[in-house]
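Read off the chains here:
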Amino acid sequence: MLQPPHSSLQVAAVPAPRVPARDRDQDAPWHTEAVCRRDEAGLFFAPSKEPTAARLSREEAAKRVCARCPVMVECREHALLQPEPYGVWGGLTAAERRVVLARRRRREMELKKAARPADRIAAAG
């Protein structure tokens, strides 16, 4: 999803033409082709005090929109790099993004630990 409902950025209601990723203009921002530009923002962001069953249903509907989006990967990476604390972005909920980020941090730490002995051997050699 592009911007939370409280953002000052307005999302266009006119659908963008779908262009395969390999044919996209590299200067155009990825979000111009986002499928969610045509959907209501309420699908991607929880109203206050939303019941659990309603939240799960809404999130699944949002993920279905994401699944057919040509820029889902770019959207997901945006949400992970920002990091976006709310809503469904790139087919992931905020909780799912926290899990992905924790796994990335853990993997980075493991790679750093694995590289340390190799660095010592190279320096000694």
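Residues numbered from 1 in each chain as written. Predicted model: local features only at pLDDT ≥ 70, side-chain atom pairs only at ≥ 80, totals over all residues. Heavy atoms only, no water.

The protein appears in an unreviewed UniProt entry as Transcriptional regulator WhiB from Streptomyces indiaensis. Comment text from UniProt for the protein, heading Subcellular location (unreviewed entry), reads "Cytoplasm". For the protein, the Function (unreviewed entry) comment in UniProt is given as "Acts as a transcriptional regulator. Probably redox-responsive. The apo- but not holo-form probably binds DNA." (UniProt positions renumbered as here; feature names shortened; annotations may be inferred.)

Before going further, it helps to spend a moment on the UniProt feature "binding site: [4Fe-4S] cluster" (unreviewed entry) in the protein. Those residues carrying the UniProt feature "binding site: [4Fe-4S] cluster" (unreviewed entry) are Cys36, Cys66, Cys69 and Cys75 in this numbering. A maximum C-alpha distance of 10.4 Å is found for the annotated residues, which run over 40 residues; spatially they form one tight group. Checked against the element boundaries, Cys36 lands in the segment before helix H1 (52-67). Given the relative accessible area of 7%, Cys36 is considered buried. Mapping Cys75 onto the fold places it in helix H2 (residues 72-81). (Helix = DSSP H or I, 4+ residues; strand = E, 2+ residues; numbered from the N terminus. Buried < 20%, exposed > 50% of the residue type's maximum accessible area, 1.4 Å probe, protein only.)

A few words now on the nonpolar core. Membership of the largest hydrophobic core comes to 14 residues, with the highest contact counts inside it found for Ala34, Phe44, Cys69, Val88 and Trp89. Among the secondary structure elements, those contributing two or more residues to this core are H1 and H2. At three residues, H1 tops the list of elements feeding residues into this core. (Core = buried A, V, L, I, M, F, W, Y, C linked by side-chain atoms within 4.5 Å.)

As a further point, take the packing of aromatic side chains. Here the structure, examined in full by the defined rule, presents one aromatic pair. On the basis of an interplanar angle of 85° and a centroid distance of 6.5 Å, the ring pair of Phe45 and Trp89 is categorised as edge-to-face. On the criterion of sequence distance, the pair formed by Phe45 in the segment before H1 and Trp89 in the loop between H2 and helix H3 (94-124) is long-range, its members being 44 residues apart. By the burial criterion, Phe45 is buried, and Trp89 matches it. (Phe/Tyr/Trp six-rings, centres within 6.5 Å; stacked < 30°, edge-to-face > 60°.)

Within the structure shown, the criterion is met by five salt bridges. Lys63 is the salt-bridge partner of Glu96, the closest N and O atoms lying 2.6 Å from each other. Of this pair, Glu96 sits in helix H3 while Lys63 sits in helix H1, and the two are 33 residues apart along the sequence. Here Glu96 falls in the partly exposed class, since its relative accessible area comes to 29%. (Salt bridge = Lys/Arg side-chain N within 4 Å of Asp/Glu carboxyl O.)

Counted by the stated rule, this structure contains zero disulfides. Here Cys66 is not cross-linked by a disulfide; its sulfur's nearest cysteine counterpart is in Cys75, at 6.1 Å. Given a relative accessible area of 7%, Cys66 falls into the buried group. Left unpaired, Cys69 is separated from the closest cysteine sulfur, that of Cys36, by 6.1 Å. Accessibility expressed as a relative area gives 14% for Cys69, which makes it buried. (Disulfide = S-S within 2.5 Å.)

Our next topic: H2. Cys75, Ala79 and Leu80 are the residues of H2 that are buried. Across the axial projection of H2, the buried residues extend over an arc of 130°, all falling on one side. H2 presents Val73 and Leu81 as exposed residues on the side facing more than 90 degrees away from its buried surface. (Arc of directions from axis to C-beta.)

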